[in-house]
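What follows is each chain in one-letter form.
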Amino acid sequence: MKADGDILITLAVQFAIMSLLAFGGANAVVPEIHRQAVELRSWMNDREFTDMFAISQAAPGPNVMLVTLIGYHVAGLAGAMVTTLAMCGPTAVLAHFLGRTWDRFKDAPWRMAVQAGLVPISVGLVGASAIVLTRAADHSWVAVVITGVTAATAYWTRLNPLWLIGIAGLVGLAGLV
Amino acid sequence: MSEIAAPPSSNTPIPSHADLFFAFFKITLSGFGGTLPWTQRMFVEQKRWMTAEEFNEVYALCQFLPGPNIVNLTSVFGSRMRGPTGAMAAWAGFLVVPFCVMLTAGILYERYGDVDAVRRVLGGIAPAAAGLVVATVAKMAAPMFRSIGPAPFVLLATAFAIGFMRWPLLWVLVVMAPTSVGLAWWMRR
């Protein structure tokens, strides 16, 4: 039981920190979740991590719910609740307080500089996610082709991404990957 | 502009805690393919709890804050309408359904994740999911590479430090955030 409690505390602390560092949303912290869960603590392997990311993208709801899957895998129902609360709670409290004072410095020059400075960082973080996920998921030439075709189609067309996910799933089911 | 910008909700009733909870609850039921358009439609067009400008302003704040934008939105909106407890009602209403969906997915994955057919399907979906993130980055990064300034360098340095060097997020942000904000401040003058 003690070990379980320790794991829940680790999950709570790590995901609460990530919640406040997630500039650019849930996708920005995918590399950090991978670093913690796969590299540092061996809670899961690369395959399980990319599986869970894939499920969170294919399922309805916001993609931050990846953390619910991770929490469940690590520590069952309690783990799922802890990671979800830790990821969605602290930032919501911050949003509550800033939402009340925001109007006051909406047009302040320092606020615009902060925003202009943070945007490229958040894009860079999501870029790091793309690197980490691609390296973890693409172990065959077919997988690389699926990543490339999906990226190109999502970039140049307005096709609903669910179609791409569905087609990729069928290609996988056919045993081609 | 069709309307004169009025103070928030001057002529519409302020939603109750239950209204806040169920508004976000309903939004998540229609949640395939992004919840933002649904939120905008319900708040601005159907319930008229906010004008389009107010919505954009709240959304801009939520993008600026760390954490999942849409979760931040529930908090800011609920808090503006009914204070801290309103924020909690909206936040909880938004999380109930996705949490149950993901919990179910987690239970199924732990039980059937090793079944051969499931393995093969996920083996196909995982590279596609990575591809979607690649496309998201490309869309966000494209305008930055067309303008002059430090943004492309900050972007590449961050992606390299986290994606290839695998340095801890906290330390990378401690160095990159002040650098990038400082550069942005200096560029503005």
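The rules behind each value
Residues numbered from 1 in each chain as written. Chains lettered and ligands numbered in written order. Predicted model: local features only at pLDDT ≥ 70, side-chain atom pairs only at ≥ 80, totals over all residues. Contact = placed C-beta atoms within 7 Å. Helix = DSSP H or I, 4+ residues; strand = E, 2+ residues; numbered from the N terminus. Nonpolar A, V, L, I, M, F, W, Y, C, P; charged D, E, K, R; others polar. Axes fitted to C-alpha atoms, helices over the stretch in contact; angles between N-to-C directions. Parallel < 35°, antiparallel > 145°, perpendicular 65-115°, else oblique. Left-handed = near helix turned anticlockwise from the far one by under 90°. Buried ≥ 20, exposed ≤ 12 C-beta atoms within 10 Å, placed from the backbone. Domains from an automatic or database assignment.

Engineer: It is not clear to me how the interface of chain A and chain B should be interpreted in this structure. Could you clarify?
Structural biologist: For interface size, the figure often reported is the accessible area lost on association. Taken together, the 86 residues of chain A in the interface contact 80 residues of chain B. If you list the elements that add at least two residues to the side of chain A that touches chain B, you get α1 (2-21), α2 (30-40), α3 (46-58), α4 (66-101), α5 (109-137), α6 (141-156) and α7 (161-173) of chain A. Take the side of chain A that touches chain B: its biggest share by element is 22 residues, from α5 of chain A. When grouped by side-chain class, the residues that make up the side of chain A that touches chain B number 55 nonpolar, 25 polar and 6 charged.

Engineer: Even after reading the chapter, I still don't get the packing of α3 of chain A against α5 of chain A, so can you show me in this structure?
Structural biologist: Helix-helix packing is characterised by the crossing angle of the two axes and by the distance between the axes. Residue and element names in this part refer to chain A. For the pair α3 and α5, interaxial distance at closest approach is 9 Å and the crossing angle is 120°. What the angle tells us is that α3 and α5 run oblique. The two elements α3 and α5 cross, and the hand of that crossing is left-handed. Judged by residue contacts, D46, F49, T50 and F53 of α3 engage L133, A136 and A137 from α5.

Engineer: Just checking my understanding: could you explain the environment of Y155 of chain A for this structure?
Structural biologist: Assignment of secondary structure puts Y155 of chain A in helix α6. Take Y155 of chain A: there are 16 C-beta atoms within 10 Å of it, and that puts it in the partly exposed class. Contact partners of Y155 of chain A, with chain neighbours within four places excluded, come to A135, A138 and K139 of chain B.

Engineer: What is the right way to look at the domain arrangement of chain B in this model?
Structural biologist: What the domain assignment reports for chain B is domain 1 (1-112) and domain 2 (147-189). Between the C-alpha centres of domain 1 of chain B and domain 2 of chain B there is a distance of 31 Å.

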